[in-house]
Amino acid sequence: MAVFTSVDEDTAQGLLDTLGLGRLHSLTGIPAGIENSNFFLDCDAGRFVLTLFERLTHAQLPFYLGLMQHLAAKGLPVPAPQADAAGRSLFTLEGKPAAVVTRLRGAHQLAPDRFHCEQLGHTLARLHLAVADFPLRQPNLRGLAWWQQTVPPLLTHLDAERAALLADELRFQTELAATPAFAELPQGAIHADLFRDNALFEGLPGREQLCGVFDFYFAGVDCLLFDLAVCLNDWCIDLASGRLDEARASALVAAYERERRLSGTEHRLLPTLLRAAALRFWISRLADWHQPREASLLKPHDPTHFERVLRERRALAWHAL
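Residue positions are counted from 1 within each chain, in the order its sequence is given. Selection of residues for local features in this predicted model requires a pLDDT of at least 70, selection of side-chain atom pairs for listing and counting requires 80 or more, and totals for whole chains, interfaces and linings are taken over all residues. As a rule here, side-chain values cover all heavy atoms of the structure and leave hydrogens and water aside.

Enquirer: How do you make sense of the overall build of the chain when you look at a structure like this?
Expert: Only DSSP runs of H or I covering at least 4 residues are called helices, and only runs of E covering at least 2 are called strands; the numbering of each starts at the N terminus. Helices and strands together make up the secondary structure of the chain, namely ten helices and nine strands. Our radius of gyration is a C-alpha quantity, and the globule rule it is checked against amounts to 2.2 Å times the number of residues to the power 0.38. In terms of overall size, the chain behaves like a compact globule, its C-alpha atoms giving a radius of gyration of 20 Å where 321 residues would be expected to give roughly 20 Å. With the C-alpha coordinates of the chain rotated into their principal frame, the extents come out at 60 × 45 × 40 Å. Any residue under 20% of the maximum accessible area for its type is buried, any over 50% is exposed, and the rest in between are partly exposed; the area is computed with a 1.4 Å probe on protein chains only. Residues classed as buried in the chain amount to 55% of the 321 residues present. The contact criterion used is simple: two residues touch if any of their non-hydrogen atoms lie within 4.5 Å. Counted over contacts in the chain with a minimum sequence separation of 6, partners at least 24 positions apart contribute 74%. Just so you have it, the chain exposes about 13800 Å², and 54% of that area is on carbon and sulfur atoms. For accessible areas, the Shrake-Rupley method is used with a probe of radius 1.4 Å. Any residue's cover is judged against the shown protein chains and nothing else.

Shown next, in the form of structure tokens:
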């Protein structure tokens, strides 16, 4: 959510006119995140988020916008894309694909406890059940094929020990993806980036309720278990060491399974998917760190965090194949 492309108030007002949302009150760039240009947009009709997509194309975006519309229609607490009189929710601003979605209430819970993790597990399972009849298909664009393409240029930026670790884990995950067990994993449209800063809570301290999940622009069709692994690696770890917090992890998985039971194969492969999820974000953070793009308000994340998480997951020496 950095700002790569600026938008002036006249341009924003033109889009509001197209959507029938009334007069613009304020337009503010959002500094968090590193992928798209995002703005808080307040107007007569309420509070919204304007996104200009810096990498995703007009051809790719109907999947993401359609997924949010599908989930919102099923009662999931997600942003709802706004459409014009012709039913279009995808537009062009400053030469970039653009969309306006509802702005959700609440605030981030950056120090989640078991109570918050239970709610996240419940909501994630509901999301996975809700996509069973979602008709659009698009692969996870940050999945294995992207890892295989992105890693080789990164190896030149790393010392020998880190390069060997990265190459070895990519080899392991490539071999895992070719196994019959991996082929058994249930698939569907997943969020693929449901970190704690992509969820919102509101309520009294200690009794906050999950009221929103957003930023679906890394979503894609992949194994549902990968989504769960991404959440465990962010919501249920000790940040200093990267180790899983067993109490929070157990609470999240138990809440998930009250809605959607994991298969025996999913239970068996969860340790290796935790490694996969750590690898995916180590790669992306390495790419953002060593191959940065210019942007106002951009601050890339430190890649060493997910290197540490990956080492912890590998150190557990689970053998699931």
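Let's pick the thread back up.
Enquirer: In this structure, what is going on with helix α10 (residues 304-315)? I would like to understand it.
Expert: Along an α-helix, a turn takes 3.6 residues, which lines up residues three or four apart on a common side. In this model, α10 (twelve residues) spans 16 Å end to end at C-alpha, consistent with the 16 Å of a helix rising 1.5 Å per residue. Along α10, the positions that sit buried rather than exposed are His305, Phe306, Glu307, Val309, Leu310 and Arg313. Residue count minus one, scaled by 1.5 Å, sets the expected span of a helix.

Enquirer: Looking at this model, I keep getting lost on the pattern of salt bridges. Mind explaining?
Expert: One side-chain nitrogen of Lys or Arg within 4 Å of one carboxyl oxygen of Asp or Glu is enough to make a salt bridge. The full count for this structure, using the stated rule, is 21 salt bridges. A salt bridge links Glu169 to Arg275; its shortest N-O distance comes to 2.7 Å. On the criterion of sequence distance, the pair formed by Glu169 in helix α5 (residues 160-177) and Arg275 in helix α9 (residues 264-290) is long-range, its members being 106 residues apart. A relative accessible area of 0% places Glu169 in the buried class. Looking at Arg275, the relative accessible area reads 10%, which means it is buried. Note that Arg260 is salt-bridged to Glu266, the shortest N-O span being 2.9 Å. Taken together, the shared-partner salt bridges connect Asp168, Glu169, Arg171, Glu175, Arg275 and Arg314 into one network.

Enquirer: Looking at this model, I keep getting lost on the sheet that holds strand β4 (residues 91-93). Mind explaining?
Expert: Whether parallel or antiparallel, the strands of a sheet pair through hydrogen bonds between backbone atoms. Taken together, the five strands give an open sheet; going across it, the order is β1-β2-β3-β5-β4, and neighbouring strands pair in antiparallel fashion. Each end of this open sheet is capped by a strand with a single partner; those strands are β1 (24-29) and β4. In this sheet, adjacent strand axes meet at a mean angle of 35° when their direction is disregarded. Two strands qualify as a pair provided DSSP detects at least 2 bridges between them. Across three bridges, the pairing between β4 and strand β5 (residues 96-102) is antiparallel. Note on β5: the bridge partner recorded for Leu93 is Lys96. To define axes, lines are fitted to C-alpha atoms, for helices over the stretch in contact only, and angles between the resulting N-to-C directions are given on a 0 to 180 degree scale. Strand contacts of helix α1 (residues 9-19): β1, β2 (37-43), β3 (46-52), β4 and β5, with the helix running at about 120° to β1, the strand carrying the most contacts.

Enquirer: I would appreciate a short explanation of the pairing of β2 in the present structure.
Expert: Along any regular strand, the residues point their side chains to alternate faces of the sheet. Burial runs high along β2: six of the seven residues are buried. Here five bridges tie β1 to β2, and the two strands are oriented antiparallel to one another. For Thr28, the partnering residue across the bridge sits in β2 and is Phe40. When β2 meets β3, the two strands line up antiparallel, connected through seven bridges. Across the sheet, the residue bridging to Leu41 is Phe48, located in β3. Connecting the antiparallel pair β2 and β3 is a turn made up of two residues.

Enquirer: Which parts of the structure should I look at to understand the packing of α9 against α10?
Expert: At a closest axis distance of 8 Å, the pairing of α9 and α10 adopts a crossing angle of 160°. In terms of orientation, α9 lies roughly antiparallel with respect to α10. Handedness of the α9/α10 crossing: left-handed. In this structure, α9 uses Leu274, Arg275, Ala278, Leu279, Phe281, Trp282 and Arg285 to contact α10, whose residues at the interface are His305, Phe306, Glu307, Val309, Leu310, Arg313 and Arg314. Just so you know the grouping, Ala, Val, Leu, Ile, Met, Phe, Trp, Tyr, Cys and Pro go in nonpolar, Asp, Glu, Lys and Arg go in charged, and all remaining residues, Gly too, go in polar. Of the residues contributing to the contact of α9 with α10, the split by class is eight nonpolar, one polar and five charged. Orientation is classified from the angle alone, with under 35 degrees giving roughly parallel, over 145 giving roughly antiparallel, 65 to 115 giving roughly perpendicular, and any other angle giving oblique. In this scheme the crossing of two helices becomes right-handed for a clockwise turn of the near helix relative to the far one and left-handed for an anticlockwise turn of less than a right angle.

Enquirer: Where do I start with helix α2 (residues 61-73) in this structure?
Expert: With 13 residues, α2 should cover 18 Å at 1.5 Å per step; its first-to-last C-alpha distance of 18 Å lies within 8% of that length. Looking at the buried residues of α2, the elements they touch are β5, α3 (114-130), β6 (187-190) and β9 (220-223). The first or second residue beyond α2 is Gly75, which carries a positive phi of 85°.

Enquirer: What is the right way to look at the packing of aromatic side chains in this model?
Expert: Ring pairs (aromatic) are described by centroid distance and by the angle formed between their planes. Pairing of aromatic rings covers Phe, Tyr and the six-membered ring of Trp, with a centre-to-centre limit of 6.5 Å; geometry is then stacked below 30 degrees between planes, edge-to-face above 60, and tilted otherwise. One pass over the structure, following the stated rule, counts eight aromatic pairs. A centroid spacing of 6.1 Å and a plane angle of 55° characterise the contact between Phe201 and Trp235, whose relative ring orientation is tilted. Separated by 34 residues along the polypeptide, Phe201 in strand β7 (residues 199-202) and Trp235 in helix α7 (residues 224-235) bring together distant segments of the chain. Note on Trp235: relative accessible area 0%, which makes it buried. Its end group placed over the ring of Trp146, Arg142 keeps NZ or CZ at 4.3 Å from the ring centre. Whether a charge lies above a ring is judged from NZ of Lys or CZ of Arg, which has to be within 6 Å of the ring centre and within 35 degrees of the ring normal. One residue, Arg275, lies across the ring of Phe172, its end atom 3.8 Å from the ring centre.

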